[in-house]
Amino acid sequence: MKTRILILIFFLLSTRLSVNAMDGYNLWLNYTKVSESLQKEYQKKITGFMVCGESQTIKIAEKELQNGLSSMLGTPIHRISDQLKENTIIAGKLQSSEELRNSTLINELKNAGEEGYLIKSLKYNNKDLIVITANSDIGVLYGTYQFLRMVQTGVELNHLDILSSPKIKVRILNHWDNLNGSIERGYAGQSLWNWNDLPGKIEQRYADYARANASIGINSTVLNNVNANPQMLTPEYLKKVAVLANIFKPYGLKVYLSVKFSSPVNIGGLGTADPLVPAVHEWWKKKVAEVYSIIPDFGGFLVKANSEGQPGPQNYGRTHADGANMLADALQPFGGIVMWRAFVYDNNVPDDRAKQALNEFQLLDGQFRENVLIQVKNGAIDFQPREPFHPMFGAMPKTPLMMEFQITQEYLGQSTDLCYLTPLFKECLESDTYAKGKGSTVAKVIDGTLENHRLTGMAGVANTGNDRNWTGHLFGQANWYSFGRLAWNPGISSGEIAEEWIKLTLSSDQVVVKTVREIMLNSRENSVNYMTPLGLHHIMGNSHHFGPGPWVSRGRADWTAIYYHKADSAGIGFDRSPTGSNATGQYSKQVADHFADLKSCPDEYLLWFHHVPWNFKMRSGKTLWEEMNQHYSDGVAGVGKMKSEWQTLKGKIDPEEFEHVTMKMEKQIKLANWWRNSCLLYFQQFSKMPIPAKFETPSESLDYYMKYDFKDLK
Ligand code: GCV
């Protein structure tokens, strides 16, 4: 009997513990109780809420207000269905509420567009109200999430007057998920989509995923890998996709698919996929009609063509425009779009891979249909820790270009590194293309304002998987969060987004916010320093891209590290100036001159654009070799500092999350040391210079680091 009671007590205790512990599943939607003073303050300002409308989207807004407010304010906050009381929140479209329809809000909402919202304090019949309104139900839901975010982050609720609408139309995640459940470049478990069990079995995760996206304004998702399996377009799979699309719909999340260009051959029984052959056109038209009959709200296609072995129009001597336009014509009657990727490869190894995309696309400017977006990676190589902005931005004025960022950290320590990516995203968005004079930033190219394009987009290669915390590393969530917030408004700063995320996810304690903000804001530079400082790039381990591999020399030349760093006894770096590949010439004159001249080229891009002697005098007065040593050592020190700062937060952060991050940081320290020691010893073979005395000498040989068994670091 005694043992039974003990077991029962243990069981009750452990369930309680597991309920209280934070395992990251709730992401930034924890709705934790705010401080006592804020609870008092908010309880005065919010006595109840009223929602107007009957749609599923409005029901979601209602549930969020009910749960979110009750939980954060520490007291039940109820829906009011009859008489308006003092300090009520009203959420709904103007048309759906008598109180709102008569107000001056109609005018103000004119600027909110289809998805924007207005959050406003106003007096109605002598009562103080807070109104969350929009032109659509999804706008109301976006406004609701914003309002709840304000409560959780402690914003004062006086004199509210916030009008916000997205700067970018298609805010889309790209999942590189395969039909067998694996994820290309995924580091957080298996795919979220359980294709084997769909359409019959529905997992709670599907709605939770859509909810998370809606809460940060993401309105679109591509479910499958750009290295697409043609089976995706078979009726069997389309029915599975339809189930997901239905679950996502009330959250405003539209479904898109990656398609294989050769599908007419693979699953259509045709002998060719040539875009200029009428039977191929016909096949796509019928296929698209079938897709829309099964998934009426379908968004369109994402295509990787003539790249890394994927088929495309060039297989038939046709252009990217021929291929994209054929698909665009099939989608156009249904309102669908094509996102055609500019990440292309020639089958032959080029003199400089960085130049390929612009070489293939620029001459097609103006030839694409109106429902085509060209999807361009932030840089011309491949999601490196630091790349200059892609020269295509600003170089194709007649074509809408959309951004492709990588949220999954393929080249940035995967799920081992704490690397807050917003500074990387912002660095690209704020770069000036000078396409139409000073101030022609990449952000203006992609939000359409530079050339008056109405179709605009920003894609993020997702870092989600079926790990309990969604992203493997808890801080990976911040990158998903940040992508959504930036796609809504590229103008928000890295610091603002970090602060929001910390308060929503970890704690609003001032010390936590200050310390973690600092950790996050320094994290990307730490990674650049210990991996690829001063413009080095693509020197990661072969094909898995984890850890150092400056010695990688086998295989296709432009997949090796030596192709990119070009270290020799004379110096190091890829000469892309006019004396080399002249990739600098792909930028507008001001930018080209800036990068091409050694005197003006920023240190961060030095070895990206120049082959520089080892004893070159840097701006700091140090030689290039000393400067490299400094950066690699700073990177390692930065990671160590990050960990000691994190340790000061023990007791202020949920213990489970605290331990999880501590363990990751311990691995990251080892990873950073491995990077530093490998690169310095490897490059030292060419510089023939000693490691300056003030820096630690690597404890092992280069051979040891080259053979290092890093599996336990991943
Ligand atoms: C989906 C890089 C990655 C590939 C990826 C490719 C792309 O090369 O390593 O895994 O393929 O980019 O963006 O298409």
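None of these values were measured; they are calculated from a predicted model.

## Describing the packing of helix H13 (residues 422-429) against helix H15 (residues 476-488)
Piece 1. Following both chains from N to C, one finds H13 and H15 inclined at 30 degrees, their axes separated by 10 Å at the closest point. One finds that H13 runs roughly parallel with respect to H15. Residue-level contacts link Thr422, Phe425, Lys426 and Leu429 of H13 to Asn479, Ser482 and Leu486 of H15.
Piece 2. Split by residue class, the contact of H13 with H15 holds three nonpolar, three polar and one charged.

## Observations concerning the side chain of aspartate 274
Piece 1. Topologically, aspartate 274 is positioned in the loop between helix H9 (263-266) and helix H10 (278-294).
Piece 2. Every residue in contact with aspartate 274, bar those within four places of it in the chain, is listed here: Val280, Tyr316 and Arg318.

## Let's talk about the sheet that holds strand S4 (residues 127-134)
Piece 1. Strand order in the open sheet formed by five strands is S1-S2-S4-S3-S5, and the pairing between neighbours is mixed. Each of the sheet's edge strands pairs with one partner strand only, and the pair in question is strand S1 (48-52) and strand S5 (161-164). Recorded for the sheet is a direction-independent mean angle of 20 degrees between the axes of neighbouring strands.
Piece 2. Note that S1 and strand S2 (residues 88-93) share five bridges and pair parallel. For phenylalanine 49, the partnering residue across the bridge sits in S2 and is isoleucine 89.

## Some points on the pairing of strand S11 (residues 372-377)
Piece 1. Most of S11 sits inside the fold, with six of its six residues counted as buried.
Piece 2. The two faces of S11 match: Val372, Ile374 and Val376 on one face and Leu373, Gln375 and Lys377 on the other face are all buried.
Piece 3. In the sheet, strand S10 (residues 337-341) pairs with S11 via four bridges, with the strands oriented parallel. Bridge pairing in S11 links tryptophan 340 to isoleucine 374.
Piece 4. Read from S10 through helix H12 (residues 356-361) to S11, the crossover connection turns out right-handed.
Piece 5. The sheet contact formed by S11 and strand S12 (residues 401-406) spans four bridges and is parallel. Counted as the bridge partner of glutamine 375 is methionine 402 from S12.

## Digging into the site of the ligand
Piece 1. Around the ligand, a shell composed of 14 residues is seen, among which Glu184, Lys304, Arg341, Lys377 and Glu410 lie nearest.
Piece 2. Within the contact set of the ligand, an oxygen atom lies 2.6 Å away from a side-chain nitrogen or oxygen of arginine 341.
Piece 3. In the model, an oxygen atom of the ligand is placed 3.0 Å from a nitrogen or oxygen of the aspartate 382 side chain.
Piece 4. Burial of the ligand by the protein amounts to 97% of the accessible area it has alone, namely 340 Å².
Piece 5. For the shell around the ligand, the class distribution of residues is three nonpolar, three polar and eight charged.

## Describing the packing of helix H21 (residues 624-647) against helix H22 (residues 655-687)
Piece 1. Running from N to C, H21 and H22 cross one another at 170 degrees; their axes reach a closest spacing of 9 Å. Considering the angle they form, H21 stands roughly antiparallel to H22.
Piece 2. Grouping the constituent residues of the contact of H21 with H22 by class yields 16 nonpolar, nine polar and four charged.

## Describing the packing of aromatic side chains
Piece 1. For the coordinates displayed, the defined rule picks out 41 aromatic pairs.
Piece 2. Centre to centre, the rings of tryptophan 674 and tyrosine 708 are 4.9 Å apart; their planes meet at 45 degrees, and the pair counts as tilted. Here tryptophan 674, found in helix H22, pairs with tyrosine 708, found in the segment after helix H23 (702-706); they are 34 residues apart in sequence, far enough to count as distant.
Piece 3. Among the aromatic residues, those joined into a ring-pair cluster are Tyr25, Trp28, Trp193, Tyr206, Tyr209, Phe248, Trp470, Trp480 and Tyr481.
Piece 4. Positioned above the aromatic ring of tryptophan 559, the side-chain terminus of arginine 556 is 5.7 Å from the ring centre.

## Quick notes on H15
Piece 1. The terminal C-alpha atoms of H15, which comprises 13 residues, lie 19 Å apart, in line with the 18 Å expected from a rise of 1.5 Å per residue.
Piece 2. Extensive coverage of H15 is indicated by the burial of 13 of its 13 residues.

## Looking at the nonpolar core
Across soluble globular proteins, nonpolar side chains have a tendency to be buried as a group.
Piece 1. Ranked by size, the top nonpolar core spans 220 residues in total, and within it Phe147, Phe248, Trp340 and Phe683 carry the most contacts.
Piece 2. Looking at which element gives the most residues to this core, the answer is H22, with 12 residues.
Piece 3. Excluding residues within four positions of it along the chain, phenylalanine 683 makes contact with Leu536, Ile539, Pro550, His565, Ala567, Ile572, Trp614, Trp625, Met628 and Tyr632.
Piece 4. Membership of the second largest hydrophobic core comes to 13 residues, among which are Leu84, Ile90, Leu100 and Val131.

## A word on the environment of serine 508
Piece 1. Secondary-structure assignment places serine 508 in the loop between helix H16 (494-505) and helix H17 (510-531).
Piece 2. The spacing of serine 508 and isoleucine 295 is 213 residues in sequence and 42 Å in space, taken between C-alpha atoms.

## A closer look at the sheet that holds S10
Piece 1. Read around the closed barrel, the eight strands follow the order S6-S7-S8-S9-S10-S11-S12-S13; overall the barrel is parallel. Neighbour to neighbour, the strand axes of the sheet diverge by 25 degrees on average, direction disregarded.
Piece 2. As paired strands, strand S8 (residues 254-259) and strand S9 (residues 300-303) are joined by four bridges and run parallel to one another. Bridging from a neighbouring strand, tyrosine 256 pairs with glycine 300 of S9.

## Describing the confidence of the model for the protein chain
Piece 1. Predicted confidence across the protein chain gives a mean pLDDT of 95, with 97% of residues reaching 70 or more.
Piece 2. Segment residues 6-20 is flagged for pLDDT under 50; beyond a separation of four residues in sequence, or across chains, it makes one contact in the model.

## Focus on the pattern of salt bridges
Piece 1. Per the stated rule, a full pass over the model turns up 37 salt bridges.
Piece 2. For aspartate 351, the salt bridge goes to lysine 355, with nearest N and O atoms at 3.0 Å.
Piece 3. Across the salt bridge formed by arginine 517 and glutamate 499, the nearest N and O atoms sit 3.1 Å from each other. One end of the pair, arginine 517, is in helix H17; the other, glutamate 499, is in helix H16, with 18 residues separating them in the sequence.
Piece 4. Residues joined by salt bridges that share partners form a network here, namely Arg386, Glu427, Arg524 and Glu525.

Reading the values: the criteria
- Residues numbered from 1 in each chain as written.
- Predicted model: local features only at pLDDT ≥ 70, side-chain atom pairs only at ≥ 80, totals over all residues.
- Heavy atoms only, no water.
- Axes fitted to C-alpha atoms, helices over the stretch in contact; angles between N-to-C directions.
- Helix = DSSP H or I, 4+ residues; strand = E, 2+ residues; numbered from the N terminus.
- Parallel < 35°, antiparallel > 145°, perpendicular 65-115°, else oblique.
- Contact = heavy atoms within 4.5 Å.
- Nonpolar A, V, L, I, M, F, W, Y, C, P; charged D, E, K, R; others polar.
- Pairing = 2+ DSSP bridges.
- Buried < 20%, exposed > 50% of the residue type's maximum accessible area, 1.4 Å probe, protein only.
- Right-handed = clockwise from strand over helix to strand, strands pointing away.
- Near = heavy atom within 4 Å.
- Polar contact = N/O pair within 3.5 Å; in protein donor to acceptor, adjacent residues only side chain to side chain.
- Areas by Shrake-Rupley, 256 points an atom, 1.4 Å probe, with all protein chains shown as cover.
- Phe/Tyr/Trp six-rings, centres within 6.5 Å; stacked < 30°, edge-to-face > 60°.
- Lys NZ or Arg CZ within 6 Å of the ring centre and 35° of its normal.
- Expected span 1.5 Å × (residues − 1).
- Core = buried A, V, L, I, M, F, W, Y, C linked by side-chain atoms within 4.5 Å.
- pLDDT = per-residue confidence, 0-100.
- Salt bridge = Lys/Arg side-chain N within 4 Å of Asp/Glu carboxyl O.

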